[in-house]
Amino acid sequence: MAARKLLVLFGSQTGTAQDTAERIGREAKRRHLQCTVEALDSYDVANLINELLVVFVCATTGQGDPPDNMKLFWRFLFRKNLPPGSLCRLDYAVLGLGDSSYPKFNFIAKKLHKRVLQLGGSPLLPVALGDDQHDLGPDAVVDPWLVALWDKILMLYPLPPGLEIISPDVRLPPKYTLHYVAEDSLQPNGVLLQPTAPRAAPSELCPFAAPVVSNQRLTAQSHFQDVRLMEFNITGSGITFSAGDVVMVQPQNCPEDVQQFCQLLRLDPDRHFVLKPTEPGTALPALLPQPCSIRHLVTHYLDISCVPRRSFFQLLSCFSTSELEREKLQEFSSNQGQEELYSYCNRPRRTTLEVMWDFPHTTCVIPPEYLLDLIPRIRPRAFSIASSMLAHPDCIQILMAVVRYKTRLSKPRRGLCSTWLASLNPEQGDVRVPLWVKKGGLKFPSDPDTPVIMIGPGTGVAPFRAAIQERVAQGRRGNCLFFGCRQKSKDFYCQAEWEELVAKGFLTLFTAFSRDQEEKVYVQHRILENRSLVWELLSSRNAHVYLAG
């Protein structure tokens, strides 16, 4: 009989597809299948011809693009020279996660399903199209689809004689075991982020620790929103970028949250540990040092401020010794409890740490080795670069709105990354931020005579500041900017800079201050008022139009 082996491959941008893939991995283990779960770009795609059973879980990003961690796989799969029957041994299923408010809804999943079919694969089920817009989120599609999937898989690979499906109440072993190390055996390794330039270009696995040069508030103190212009020094990093590119920042949790978390779980933040994989072949988390302190794990790795997913409640219920708490956690992780979970967690944006406060008897008995199964890692955040290397050679500037809003919870919600960045004060010594650069989606024309029309209300003006600085440094004049904000006196970012460029003839500027008069005026009104100019640039001079929100 064929080996009962399942491979789950995911392409995930925000972590939802990874979370779903790991759920499938857990359900496979309950059915006694040997199962590996990995990102599509971590998998050696040349081995796909030898696989017998694969489930693909993939998100669609932007305008029908594949997530970052499946781009290499995607390019390989669509090579023209792949023989049509190369995947003829493969039984497969595709689970897509998308958002039906976008025109290219689940485009990647649909295209992947079709391509694997073309290459000779046999689909176990029609492609599943999970939708974020559904009241219950993608689970409305995922739950019934998985029931059908396991029926199909168990027909092909029945349970070995004498074995039953492991009940959901039984706790599976953790991904890693955690072993505390004696403090006297530690090497004094000092700073974990090396400020010296790495050999390769900085990346997610090897970010550059960039010193913060300045952190300036651009909005008036009386304005409801705090917007910063921040500058990072990238001297010696090897980073290069052009207008339209994006800087990725790896944020961290604030010390108060770290302290609360450690108190709730009765953990000593200064203890060190090493991780060992439970199953051979499982890679250790790439971004954690070995040995690692509890404080480093909670500060830099565990996303304790994210809104927890359903899988969190499922695993948490397995630890609970309090009957009352366990019942509630089981309800939140059941199919029937999803509406209640949504109104408890997602609608008010309740964080993982706050949920742990609400379940104190369960939280204090969580075994530390399960923390990496329970809580996802902190994801990097993307910011449009708001400066040009031609104007500011050794630095990166960003324009950042500090995320803060109210829900029905008494404490305002705060963005993890923007709150942390806003708190950094370069006057208090050497403050560094781990960062790297990615190619962005905006490409500006190479022909110096092509004019550009840029529409950038609010912080959407950031990539256009980079483009204008770059084009002015190259002596290009056809720059037209439509900028909008609430009030000229409160949130007109970079006003002096724009006015100087207008005076020098490098920039045509149209502004819309929506709250400075009785009737609201937005950028679209200014475009309409100046339609003859816009049309002339488009029809006679082949202008390119760019829009950033």
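Residues numbered from 1 in each chain as written. Predicted model: local features only at pLDDT ≥ 70, side-chain atom pairs only at ≥ 80, totals over all residues. Heavy atoms only, no water.

### Some thoughts on the overall build of the protein
Working step 1: Regarding its fold elements, the protein presents 18 helices and 21 strands.
Working step 2: In terms of overall dimensions, the protein is globule-like: its C-alpha atoms have a radius of gyration of 26 Å, near the 24 Å expected for 549 residues.
Working step 3: Seen along its three principal axes, the alpha-carbon backbone of the protein occupies a region of about 85 × 60 × 50 Å.
Working step 4: Within the protein, the fraction of its 549 residues that count as buried is 49%.
Working step 5: Taking contacts inside the protein between residues at least 6 apart in sequence as the whole, the part at least 24 apart equals 76%.
Working step 6: In the protein, which carries 60 positive and 56 negative side-chain charges, the distance between the mean positions of the two groups comes to 3 Å. (Helix = DSSP H or I, 4+ residues; strand = E, 2+ residues; numbered from the N terminus. Rg over C-alpha atoms; globule rule 2.2 N^0.38 Å. Buried < 20%, exposed > 50% of the residue type's maximum accessible area, 1.4 Å probe, protein only. Contact = heavy atoms within 4.5 Å. Lys, Arg positive; Asp, Glu negative; His and termini not counted. Charge placed at Lys NZ, Arg CZ, Asp CG, Glu CD.)

### Re helix α4 (residues 139–156)
Working step 1: Here α4 spans 25 Å end to end across 18 residues, near enough to the 26 Å set by a 1.5 Å rise per residue.
Working step 2: Along α4, the residues that are buried comprise Asp139, Val142, Asp143, Trp145, Leu146, Leu149, Trp150 and Ile153. (Expected span 1.5 Å × (residues − 1).)

### Regarding the sheet that holds strand β11 (residues 272–277)
Working step 1: Pairing in this open sheet of three strands is antiparallel, and the strands run β7-β11-β12 from one edge to the other. Each edge of the sheet is formed by a strand with only one pairing partner; in this case those strands are β7 (176–180) and β12 (292–293).
Working step 2: Pairing analysis gives two bridges linking β11 to β12, with the strands arranged antiparallel. From the neighbouring strand, phenylalanine 273 faces β12, where its bridge partner is cysteine 292. (Pairing = 2+ DSSP bridges.)

### Side note on the sheet that holds strand β20 (residues 507–513)
Working step 1: Spatial ordering of the open sheet is given by β20-β19-β18-β21, a layout of four strands whose pairing is parallel. In the strand order of this sheet, the two ends are held by β20 and β21 (544–547), each with one partner. Strand-to-strand twist in this sheet, taken as the mean axis angle between neighbours without regard to direction, amounts to 15°.
Working step 2: Contacting β19 (479–485) and β20, helix α16 (residues 495–503) crosses the sheet at an angle of about 140° to β20. (Axes fitted to C-alpha atoms, helices over the stretch in contact; angles between N-to-C directions.)

### Considerations on the UniProt feature "domain: Flavodoxin-like" (unreviewed entry) in the protein
Working step 1: Within this structure's numbering, the places UniProt gives as "domain: Flavodoxin-like" (unreviewed entry) are residues 6–150.
Working step 2: In residues 6–150, the share of helix is 32% and the share of strand is 23%. The end C-alpha atoms are 11 Å apart. (UniProt positions renumbered as here; feature names shortened; annotations may be inferred.)

### Brief notes about the packing of aromatic side chains
Think of a pair of aromatic rings as described by two things: how far the centres are apart, and how the planes are tilted against each other in angle.
Working step 1: Counted by the stated rule, this structure contains 12 aromatic pairs.
Working step 2: Look at phenylalanine 332 and tyrosine 344: their rings are 4.9 Å apart centre to centre, the planes differ by 10°, and that puts the pair in the stacked class. Of this pair, phenylalanine 332 sits in helix α8 (residues 323–333) while tyrosine 344 sits in helix α9 (residues 338–346), and the two are 12 residues apart along the sequence.
Working step 3: Assessed through its relative accessible area of 2%, phenylalanine 332 is described here as buried.
Working step 4: Ring geometry for phenylalanine 483 against tyrosine 493: centres 6.0 Å apart, planes inclined by 65°, an arrangement best described as edge-to-face. Here the residue phenylalanine 483 occupies a position in strand β19, and tyrosine 493 occupies one in the loop between α15 (488–491) and α16, the gap between them amounting to 10 residues. Like tyrosine 493, phenylalanine 483 is buried. (Phe/Tyr/Trp six-rings, centres within 6.5 Å; stacked < 30°, edge-to-face > 60°.)

### Structural notes on the domain arrangement of the protein
Working step 1: Assigned domains within the protein: domain 1 (5–156), domain 2 (257–374) and domain 3 (452–547).
Working step 2: With centres defined by C-alpha atoms, the gap from domain 1 to domain 2 works out at 27 Å.
Working step 3: Summed over both sides, the interface of domain 1 with domain 2 buries roughly 760 Å², with 40% coming from carbon and sulfur.
Working step 4: For domain 1, the biggest contributors to the area lost against domain 2 are Asp19, Leu136 and Asp143; these three give 45% of the whole.
Working step 5: Inspection of the domain 1/domain 2 interface yields three salt bridges.
Working step 6: Ionic pairing is found between arginine 310 and aspartate 139, a salt bridge with its closest N-O pair at 3.0 Å. (Domains from an automatic or database assignment. Buried area = accessible area lost by both parts, 1.4 Å probe. Salt bridge = Lys/Arg side-chain N within 4 Å of Asp/Glu carboxyl O.)

### Some details on the packing of helix α14 (residues 462–473) against α16
Working step 1: One way to put it is that α14 packs onto α16 with a least axis distance of 12 Å and a crossing angle of 35°. Seen from above, α14 lies across α16 with left-handed handedness. On α16, the residues that touch Arg465, Ile468, Gln469 and Val472 of α14 are Glu497, Trp498 and Leu501.
Working step 2: Each residue belonging to the contact of α14 with α16 can be placed in one class, and the counts come to four nonpolar, one polar and two charged. (Left-handed = near helix turned anticlockwise from the far one by under 90°. Nonpolar A, V, L, I, M, F, W, Y, C, P; charged D, E, K, R; others polar.)

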